[in-house]
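Listed below are the residues making up each chain.
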Amino acid sequence: MIWLSCLAGMIILQRLLELMHANNNRRWMLAHGAREFGAEHYPLFFVLHAGWLVGWYVEAVWRGLHLSGFWYLWLVAFSVAQGLRYWCIASLGRFWNTRILTLQNAKLVCNGPYRFFRHPNYWAVAIELIAVPLIFDAWLTAIIVTVLNAVLLLKIRIPAEERALRDSSAALNTEHC
């Protein structure tokens, strides 16, 4: 139970600090003329991530509070995803956010993991959403949340982000990294 509660507490604290950081960046960007896109779908991600946290915690307790036989592999996957996610945050600097914001005449960020592939932050989060529940054999939560996350990303979020980039002058500066 201690591992479960410690990891859940760490993730909650981490996410709250990240939301504060994102909100500071959002205020800065809006003060500099940024436009927000896709605000109507933003609550869906809040619900998904809160459901994920509650889901794997409850499922782990329900399954008897044991670590998966491969817990160490899932913990490594989670740790690697964390590293990728923080590399994304550092690479985007003031432009990192949990929302879709564009700033006129800003260049598209093409450093860090963004020089290798598009949307690396979404890959990192997708890995986290799978790995953490599987540490505790909460495979039902891992499957359900992974499918819901994929639908939200592929059908709603990424298309909205791509439209935002096309509509902003950032797309004029560089089409792709």
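Residues numbered from 1 in each chain as written. Predicted model: local features only at pLDDT ≥ 70, side-chain atom pairs only at ≥ 80, totals over all residues. Heavy atoms only, no water.

*Asks:* Looking at this structure, how should I read the packing of aromatic side chains?
*Replies:* The full count for this structure, using the stated rule, is seven aromatic pairs. On the numbers, 6.2 Å between centres and 80° between planes, the contact of Trp28 with Phe95 is edge-to-face. Residue Trp28 is found in helix H1 (residues 2-31), and its partner Phe95 is found in the loop between helix H3 (71-92) and strand S2 (100-102); the two are separated by 67 residues along the sequence. Here Trp28 falls in the partly exposed class, since its relative accessible area comes to 24%. Relative accessible area serves as the criterion here: at 32%, Phe95 is assigned to the partly exposed category. Taken together, the ring pairs connect Trp52, Trp56, Tyr57 and Phe136 into an aromatic cluster. In this arrangement the basic side chain of Arg85 is found over the ring face of Tyr86, its NZ or CZ atom lying 5.0 Å from the centre. (Phe/Tyr/Trp six-rings, centres within 6.5 Å; stacked < 30°, edge-to-face > 60°. Helix = DSSP H or I, 4+ residues; strand = E, 2+ residues; numbered from the N terminus. Buried < 20%, exposed > 50% of the residue type's maximum accessible area, 1.4 Å probe, protein only. Lys NZ or Arg CZ within 6 Å of the ring centre and 35° of its normal.)

*Asks:* I tried to follow the layout of surface pockets on my own but got confused; where do I start?
*Replies:* If a probe the size of a water molecule is rolled over the atoms, the empty space left behind becomes visible. Reported here for the largest pocket is a volume of approximately 1,300 Å³. In this structure, the largest pocket is lined by 48 residues; those nearest its centre are Asn97, Thr98, Asn121, Tyr122 and Arg157. Looking at the lining of the largest pocket, the elements that each hand over two or more residues are H1, helix H2 (42-62), H3, S2, helix H4 (120-135) and helix H5 (139-167). In the lining of the largest pocket, the residues fall into 30 nonpolar, nine polar and nine charged. (1 Å grid on protein atoms, 1.4 Å probe; cavity = no way out; pocket = protein on both sides within 12 Å on 5 of 7 lines; lining within 4 Å. Points joined across faces, edges and corners; volume = space filled by probe spheres on them. Nonpolar A, V, L, I, M, F, W, Y, C, P; charged D, E, K, R; others polar.)

*Asks:* Could you clarify how one ought to interpret a nonpolar patch on the surface in this entry?
*Replies:* On the surface, Ile2, Trp3, Leu67, Phe70, Trp71, Tyr72, Leu73 and Leu75 cluster together into a nonpolar patch covering about 850 Å² of accessible area. Put simply, the parts of the chain that give the nonpolar patch at least two residues each are H1 and H3. Looking at which element gives the most residues to the nonpolar patch, the answer is H3, with four residues. Examined against the element boundaries, Trp3 turns out to sit in helix H1. Accessibility expressed as a relative area gives 63% for Trp3, which makes it exposed. (Patch = residues over 30% accessible without salt bridge, like charges linked within 9 Å, V, L, I, M, F, W, Y side chains within 5 Å. Areas by Shrake-Rupley, 256 points an atom, 1.4 Å probe, with all protein chains shown as cover. Salt bridge = Lys/Arg side-chain N within 4 Å of Asp/Glu carboxyl O.)

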